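The lines below spell out each chain.
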Amino acid sequence: SEVERLAAGADDYLTKPFHTEELIARVGVGLRIMELQQEIQVRNAMLQELALTDLLTGLPNRRAIEDWAVRQLNGAARYGFSFWVALADLDYFKTVNDTHGHDAGDTVLKAFSQILKTKSRRSDICGRIGGEEFLFVLTHATKEDAKRVIGCVRAELEATEFNFNGNSLTVTASFGLVGFTGTKAPDFNRLVAQADLALYSAKRLGRNRVE
């Protein structure tokens, strides 16, 4: 019966004898349904990507970093590779916004994001977690290598000159860096909290430094 055919999984069917025009029309309907399904899949993928992306900088957002970091932390504990978390905060960023406007602030955020991207490898991830705060997670790196990479990020930002309405300025950032190597993976947010404490030390000790 018609109900049995549809219940068995058929989207459509023809009964004999059938007309060629009807067959062509039904095939056309099937093709349109397939195209709509493919379009829905593409749009869902785009929405998923947007949900994991910071719209201003194009970097991963906190949710995306956390999803990635939890998997990597488990791998680090299982296979014995290192895992480093660097929390960065732009120094006196409110002054940039108040003095030169939010467009200028956005320009600085995008420039810093680009520096982070150029310094990250396929085994790393960097992203913006809100305001002027960024996370940079490095794996498979020694302590010296992690400090060197973060130091290069700090130095490159400091060397970047911005010009807003004829006014030249430079911007710096402070960093807190913590690492893990072991057989029991810690909670990622706990590592971020420890990096935040190190960042606070960097701010207290004069800013524009890595602690």
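Every value quoted in this text rests on a predicted model; they were computed, and no experiment measured them.

Quick notes on the rules
Residues numbered from 1 in each chain as written. Predicted model: local features only at pLDDT ≥ 70, side-chain atom pairs only at ≥ 80, totals over all residues. Heavy atoms only, no water. Phe/Tyr/Trp six-rings, centres within 6.5 Å; stacked < 30°, edge-to-face > 60°. Helix = DSSP H or I, 4+ residues; strand = E, 2+ residues; numbered from the N terminus. Buried < 20%, exposed > 50% of the residue type's maximum accessible area, 1.4 Å probe, protein only. Core = buried A, V, L, I, M, F, W, Y, C linked by side-chain atoms within 4.5 Å. Contact = heavy atoms within 4.5 Å. Salt bridge = Lys/Arg side-chain N within 4 Å of Asp/Glu carboxyl O. Patch = residues over 30% accessible without salt bridge, like charges linked within 9 Å, V, L, I, M, F, W, Y side chains within 5 Å. Areas by Shrake-Rupley, 256 points an atom, 1.4 Å probe, with all protein chains shown as cover.

A. Inspection of the packing of aromatic side chains at higher detail. Evaluation of the coordinates by the stated rule reveals 4 aromatic pairs. Here Phe 112 and Phe 134 contribute two aromatic rings whose centre-to-centre distance is 4.9 Å and whose plane-to-plane angle is 80 degrees, an arrangement assigned as edge-to-face. You can see Phe 112 sitting in helix H5 (residues 102-119) and its partner Phe 134 sitting in strand S3 (residues 133-139), a full 22 residues away along the chain. Phe 134 shares its class with Phe 112; the two are buried. Plain terms: the ring middles of Phe 112 and Phe 175 are 6.4 Å apart, the flat faces sit at 50 degrees to each other, and that makes the pair tilted. Taken together, the positions of Phe 112 in helix H5 and Phe 175 in strand S6 (residues 173-180) put the pair 63 residues apart, joining distant regions of the chain.

B. Focus on the nonpolar core. If you look at the biggest cluster of nonpolar residues, it comprises 30 residues, and the most contacted ones within it are Leu 90, Val 108, Phe 112 and Phe 136. Taken together, the elements giving at least two residues each to this core come down to strand S1 (83-90), helix H4 (93-100), H5, S3, helix H6 (143-159), strand S4 (161-164) and S6. Here the element with the most residues in this core is H5; it accounts for 6 residues. Residues within four places of Phe 112 in sequence aside, it is in contact with Ala 88, Leu 90, Phe 134, Val 153, Leu 157, Ala 173 and Phe 175. Ile 65, Phe 81, Ile 129 and Phe 188 belong to the second-largest nonpolar core, a separate cluster that totals 21 residues.

C. Expanded view of the pattern of salt bridges. Inspection of the entire model under this criterion finds 10 salt bridges. Lys 203 is the partner of Asp 89 in a salt bridge, and the nearest nitrogen-oxygen pair spans 2.8 Å. Linking Asp 89 in strand S1 with Lys 203 in helix H7 (residues 188-204), this pair joins segments that are 114 residues apart in sequence. For the pair Asp 89 and Lys 203, a shared accessibility class is recorded, and that class is buried. Its salt-bridge partner being Arg 154, residue Glu 158 comes within 2.9 Å of it at the nearest N-O pair. One end of the pair is Glu 158 and the other is Arg 154, both in helix H6 and 4 residues apart, which spans about a single turn. Given a relative accessible area of 19%, Arg 154 falls into the buried group. Through salt bridges with shared partners, one network takes in Asp 89, Asp 91 and Lys 203.

D. Layout of a nonpolar patch on the surface. A cluster of nonpolar side chains, contributed by Val 27, Leu 31 and Met 34, occupies part of the molecular surface with about 280 Å² of accessible area. Of note, Val 27 is situated in helix H2 (residues 20-51).

By themselves, these are just geometric observations and shouldn't be taken as functional.
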